[in-house]
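# An overview of the molecular structure
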Amino acid sequence: MDAVQKVGNGHPGTAMSLAPAAYLLYQRVMRHDPADPQWTGRDRFVLSCGHSSLTLYIQLYLSGYALSLDDLKALRTWGSITPGHPEYHLTPGVEVTTGPLGQGLGNAVGMAMAARRERGLFDPDTAPGESPFDHHIYAFCSDGDIEEGITHESSSIAAVQELGNLTVLYDDNYISIEDNTRIAKAEDVGARYEAYGWHVQHVDWHTADGGYHENVQALYDAFEAAKAVTDKPSFIVLHTIIGWPAPTKQGTGAAHGSALGDDEVAATKVILGFDPAVKFPVEQEALSRAREVAERGKALHAAWDEQFESWENQDSERSALFARMATYTLPEGWTDVLPEFPADPKGIATRKASGEVLSAIGPVLPELWGGSADLAESNLTTMKGEPSFLPANRQTSMWKGDPYGRTLHFGIREHGMGSILNGIAVHGNTRVYGGTFLQFSDYMRGAVRLAALMEQPVTYVWTHDSIGLGEDGPTHQPIEHLWSLRNIPGLDVVRPGDANETAVVWRAILEIIDRPAALALSRQNVPTFDRAIFAPAALAARGAYVMADGTDVILIGTGSEVQIAVAARELLAADGISARVVSMPCTEWFTLQDASYQEEVLPAAMRARVSVEAGITAPWKIFVGDAGESIGVDHYGASAAAAVIYEKFGITAEAVAAAAKSSIAKARG
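Keep in mind that this is a model prediction, so the values were computed, not measured.

### Structural notes on the sheet that holds strand β3 (residues 166-172)
On the basis of which strands lie adjacent, the open sheet formed by 5 strands has the order β1-β2-β3-β7-β6 and parallel pairing. Either end of the sheet is taken by a strand with one partner, and the two such strands are β1 (44-47) and β6 (199-204). On average, adjacent strands in this sheet sit at an angle of 15° to one another, irrespective of strand direction. Pairing geometry for strand β2 (residues 137-141) and β3, over 5 bridges, is parallel.

Structure follows, in structure tokens:
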């Protein structure tokens, strides 16, 4: 109450009513060590209802993490480590950035999946519960999380995966910002989770006589019962009163998202036995009692260290793998297996080239795993011969697997896939990817933004990247998506121009560990360029490079349109015009290059420029300048064969050549 009152804004109510649950979790349920927030053997906690950040911050303070009372006093202010919503990398003990509702629950599902995959990599044969890699994932969620559709997607996947290492507590307090949830929510949430296949329990702190009793023992028993269920994720419905025990604002929307006011805070302190005149009261005896958990954590950590050392000495190959993955170090010589594609004017689709890359590197990169939102046959995201990540009873005639497999099946759940990928990434040091059509990146955009915000190396395999997908029509043809995604800070959008560029950019992506990347890949075949004629594909790792030199005009192409720029160069040569072709698979990588390289590729003196990309054109002004022209699509697509659409929409070599002549005239004028 005091923290929110001091800054003048925030969310006190849920933090008040969940305080006993959070204290119980940190003091009696979770295995953690405040002195080492990154301890591999720790349980993980995700506060999906990130608006109630104080629920987490106060427990970190009480438990003895590197978070002080002054940090609580600095809630939601400039430079503090207690921002409005928990942020990964900022506050010791915060496992993931939460705030956009529902994302955190999806992250927790991803963490639980990652825990199982990592156990399979490092210690698959040890009995359940006896491995140093066995641990539990806990999450708190609210009505806001439950109402967002992303939690349906993630929770359904969790049940399919039988994630017995996941426990979610749902704070059912019947209140959201607009007060009573009955105006917008009617379902029985517990029954919904039973229908998914979760283990569901109810703990009600309302008493039969109309009172309210925070029965911590009953909640502890529920947590213990959840631990005992190992073949299902667990869901605890905790029925609370928001803002308890504030005398006039408990159970109201007013307690949710605003300061309670001086009078209400004072009155609540009297009820709790505190001096209403004292701000941020701390009883030393209570604080000392809470911080005993640090000693318990230290003892648990020491016991785990012995267990880990014993494991480490048993299997040098697996312990070496763990040590390598802990630092995101790629194995020596792994690039030797990357395929090289022969020159071919007919070529192959970059989605197919990507699939061949994945199948080639899979055996040498066990840390790499991933799958698709039910589009594996189109995305080509399945590594050949690799088992699915599935409980044994979920195998089908087409998809064989085991609980430790590496081919992920998300179903038609792009948004859930995005949040799960983030949870996998923050949990450990595996490298994960997920695929869908580029058009449907819209469904997962919130999770993509959070991956960029957290600087997590998630890879998105987005295929069918343009009007080139043809007959499926405008609903499936991404027009604005490439530049919309390029506008997300910290996301690398990579659109390779041929098969060899695809192999090169996969290598570059896997060598980057501090940000996500999106591969935009073609459905249709594109020529595999003859690198005896054109510059080496290895230069694609620099984001843009001169494929073929020229002096009069620069033609900038991406992806499937690089071939159009090359063809336009030949047309211009017939008219005595020397055109330079620049392949620009990744604008972000190019702008990270030093100024001299950028000038080498796009000399300022060469003002005549044309961009060609099957998407919106306006943002290309950044690279083509005031004398430049852009060939693209500034309207929605149509249903027809790819070749027909390109011709009808004027994305042709002839159009590029004409634009080049126009740009030359403007530059000279």
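Still more ground to cover, so stick around.
### Examining the pairing of strand β16 (residues 517-520)
Residues Ala517 and Leu519 line one face of β16 and the alternating positions Ala518 and Ala520 line the opposite face, and both faces are buried. Where strand β14 (residues 459-463) and β16 come together, 4 bridges link them in parallel fashion. Looking across to β16, one finds that Tyr460 is bridged to Ala518. Relative to β16, strand β15 (residues 492-494) runs parallel, the two being bridged by 3 bridges. Within β16, the residue paired with Asp492 across the bridge is Ala517.

### Notes on helix α26 (residues 653-668)
The end-to-end C-alpha distance of α26 is 23 Å, a good match for the 22 Å that 16 residues give at a rise of 1.5 Å each. Inspection of α26 places Ala653, Val656, Ala657, Ala659, Ala660, Ser663 and Ile664 among the buried residues, and these make up the whole buried set. All buried residues of α26 project into a common sector of 160° when viewed along the axis, lining one side.

### Side note on the pattern of salt bridges
In this structure the tally under the stated criterion is 24 salt bridges. Across the pair Arg318 and Asp125 runs a salt bridge whose closest N-O atoms are separated by 3.8 Å. Of this pair, Arg318 sits in helix α14 (residues 316-326) while Asp125 sits in the loop between α6 (103-122) and β2, placing them 193 residues apart in sequence. According to the relative accessible area criterion, Asp125 is exposed, its value standing at 67%. Taken together, the salt bridges that share partners define one network made up of Asp125, Asp315 and Arg318.

### Points about the packing of helix α3 (residues 19-29) against helix α10 (residues 216-228)
Where α3 contacts α10, the two axes come as close as 10 Å, and the packing angle between them is 55°. In this view, α3 runs oblique relative to α10, as classed from their interaxial angle. For the crossing formed where α3 meets α10, the hand is right-handed. Counted together, Pro20, Ala21, Leu24, Leu25, Arg28 and Val29 of α3 and Val216, Leu219, Tyr220, Phe223 and Lys227 of α10 form the full contact between these two elements. Residue composition of the contact of α3 with α10, grouped by class: 9 nonpolar, no polar and 2 charged.

### Focus: the packing of helix α13 (residues 292-314) against α14
Each pair of packed helices can be described by the angle between their axes along with the distance between the axes. At a minimum axis separation of 5 Å, α13 and α14 run at an interaxial angle of 120°. Viewed along their axes, α13 and α14 adopt a mutual orientation that is oblique. The residues of α14 that touch α13, namely those facing Phe308, Trp311, Glu312 and Gln314, are Ser316, Arg318, Ser319 and Phe322. The residue inventory of the contact of α13 with α14, partitioned by class, reads 3 nonpolar, 3 polar and 2 charged.

The rules behind each value
- Residues numbered from 1 in each chain as written.
- Predicted model: local features only at pLDDT ≥ 70, side-chain atom pairs only at ≥ 80, totals over all residues.
- Heavy atoms only, no water.
- Pairing = 2+ DSSP bridges.
- Helix = DSSP H or I, 4+ residues; strand = E, 2+ residues; numbered from the N terminus.
- Axes fitted to C-alpha atoms, helices over the stretch in contact; angles between N-to-C directions.
- Buried < 20%, exposed > 50% of the residue type's maximum accessible area, 1.4 Å probe, protein only.
- Expected span 1.5 Å × (residues − 1).
- Arc of directions from axis to C-beta.
- Salt bridge = Lys/Arg side-chain N within 4 Å of Asp/Glu carboxyl O.
- Parallel < 35°, antiparallel > 145°, perpendicular 65-115°, else oblique.
- Left-handed = near helix turned anticlockwise from the far one by under 90°.
- Contact = heavy atoms within 4.5 Å.
- Nonpolar A, V, L, I, M, F, W, Y, C, P; charged D, E, K, R; others polar.

Purely geometric stuff here, so don't read any function into it on its own.
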